[in-house]
Amino acid sequence: KYMFVSNSDNLGATMDLKLLTYFVSTKAPFMMEVAIRTDADKKGGHLAKDNKSGGLLLREVAQCPDEDEKAFQDVSKYKYFNTNNLWVDLVALKAIFEANNGSIPLPVMTNEKTVDPRDKKSTKVLQLETAMGAAIGCFEGATAVVIPRSRFAPVK
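Residues numbered from 1 in each chain as written. Predicted model: local features only at pLDDT ≥ 70, side-chain atom pairs only at ≥ 80, totals over all residues. Heavy atoms only, no water.

Enquirer: It is not clear to me how the overall build of the protein chain should be interpreted in this structure. Could you clarify?
Expert: Helix and strand counts for the protein chain stand at 3 helices and 8 strands. Each helix and strand of the protein chain, placed in order from N terminus to C terminus, yields the pattern β-α-β-β-β-α-β-α-β-β-β. In summary, the protein chain has a C-alpha radius of gyration of 17 Å against a globular reference of 15 Å for 156 residues, a match within 12%. On the principal axes, the C-alpha backbone points of the protein chain span a range of 50 × 35 × 30 Å. (Helix = DSSP H or I, 4+ residues; strand = E, 2+ residues; numbered from the N terminus. Rg over C-alpha atoms; globule rule 2.2 N^0.38 Å.)

Enquirer: Looking at this model, I keep getting lost on the nonpolar core. Mind explaining?
Expert: In a soluble, globular protein the nonpolar side chains are often hidden away together inside. Counting residues in each nonpolar core, the largest one holds 18 residues, and the members touching the most others are Phe30, Met32, Ile136 and Phe139. Going through the elements one at a time, strand E2 (30-36), strand E5 (80-89) and helix H3 (90-99) are the ones with two or more residues in this core. Residues Ala28, Trp87, Val145 and Ile147 belong to the second largest nonpolar core, which totals 7 residues. (Core = buried A, V, L, I, M, F, W, Y, C linked by side-chain atoms within 4.5 Å. Buried < 20%, exposed > 50% of the residue type's maximum accessible area, 1.4 Å probe, protein only.)

Enquirer: Is there a simple way to think about the side chain of Asp41 in this case?
Expert: Counting through the fold element by element, Asp41 comes out in the loop between E2 and strand E3 (46-49). Discounting chain neighbours no more than four positions away, the residues touching Asp41 are Ile36, Phe81 and Arg149. (Contact = heavy atoms within 4.5 Å.)

Enquirer: Is there a simple way to explain the packing of aromatic side chains in this structure?
Expert: When we look at a pair of aromatic rings, we describe it by the centre distance and by the angle of the planes. The final tally for this structure, using the stated rule, is 5 aromatic pairs. Seen from their ring centres, Phe4 and Trp87 are 4.6 Å apart, and the 40° between their planes marks the pair as tilted. With Phe4 in strand E1 (residues 2-5) and Trp87 in strand E5, the pair connects residues that are 83 residues apart, well separated along the chain. Ring geometry for Phe23 and Trp87: centres 6.5 Å apart, planes at 45°, overall tilted. With Phe23 in helix H1 (residues 17-26) and Trp87 in strand E5, this pair connects stretches of sequence that are 64 residues apart. Summarising the burial analysis for this pair, Phe23 and Trp87 share the class buried. Members of the aromatic cluster, connected to one another through ring pairs, are Tyr2, Phe4, Phe23 and Trp87. The ring of Tyr78 carries the charged tip of Arg59 above its face, separated from the ring centre by 5.4 Å. (Phe/Tyr/Trp six-rings, centres within 6.5 Å; stacked < 30°, edge-to-face > 60°. Lys NZ or Arg CZ within 6 Å of the ring centre and 35° of its normal.)

Enquirer: Could you clarify how one ought to interpret unusual backbone geometry in this entry?
Expert: Leaving glycine out, the prevailing phi sign among residues is negative, and the prevailing peptide bond configuration is trans. We note that Asn84 has phi near 65°; this positive angle belongs to a residue other than glycine. Within the secondary structure layout, Asn84 lies in strand E5.

Enquirer: Help me out: how do you make sense of the environment of Ile104 in this one?
Expert: Relative to the elements of secondary structure, Ile104 occurs in the loop between H3 and strand E6 (109-114). Looking at Ile104, the relative accessible area reads 24%, which means it is partly exposed. Each C-alpha atom, one on Ile104 and one on Ser25, is 25 Å from the other, the two residues being 79 residues apart in sequence. Setting aside its immediate chain neighbours within four residues, Ile104 contacts Leu93, Ile96, Phe97, Ala135 and Cys138.

Enquirer: I tried to follow the pattern of salt bridges on my own but got confused; where do I start?
Expert: Where charged atoms from two side chains of opposite charge come close, those side chains can pair. Applying the stated criterion to the full structure yields 4 salt bridges. Here Glu98 and Lys94 are joined by a salt bridge, their closest N and O atoms 3.7 Å apart. One end of the pair is Glu98 and the other is Lys94, both in helix H3 and 4 residues apart, which spans about a single turn. (Salt bridge = Lys/Arg side-chain N within 4 Å of Asp/Glu carboxyl O.)

This is the structure:
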C-alpha cells in the first residue's frame with residue numbers, strides 16, 4: 001500500500017520503519033523527507049508553500065527567474081531542502097494516474113546547456129527535465145518531515 005522512493009546515489013536513504021509508521025499515521029498521500037538548508041544547499045531545490053492552493057511545492061533553481069535568485073538562495077526564508085526521499089500512498093498515486101491519463105502532471109523545467117559542459121562555445125542545447133519531488137504539489141494533503149542529514153548522504 002506504500003512505497004519509498006529515493007535516489008540511487010543517496011547512501012543515507014534506507015527504508016526506515018519509524019518513518020513508515022509516522023507516514024501512515026499522518027494519513028497523507030505523499031510525504032517528502034526534508035533537511036535544514038545550509039549555505040552549501042543554496043542552489044538546490046527547496047520546499048515552499050503554494051500561495052494559490054495552500055499546499056506544498058518544490059522549487060528548483062531552473063524554475064527561478066534570474067532576478068529572484070538572491071531570494072531563492074535565502075536559507076533563512078526557505079529553510080528546508082528536498083532530500084529526494086519520498087513516501088507515497090499507492091492508492092493515492094493510482095488516483096493521480098487515473099485522473100491524468102496515466103501520468104503525473106509534473107512541471108517541466110528548462111536548462112540552457114552546451115553539448116560539452118566544459119566548453120561554453122560548444123553547441124547550445126535546451127535540456128528538459130522534471131523533478132520527482134515536484135509530485136508533492138500534485139497530492140492534496142501532502143506533507144513533509146524534517147530528518148537528520150544522516151539520511152541524506154549522496155555520492156557523486
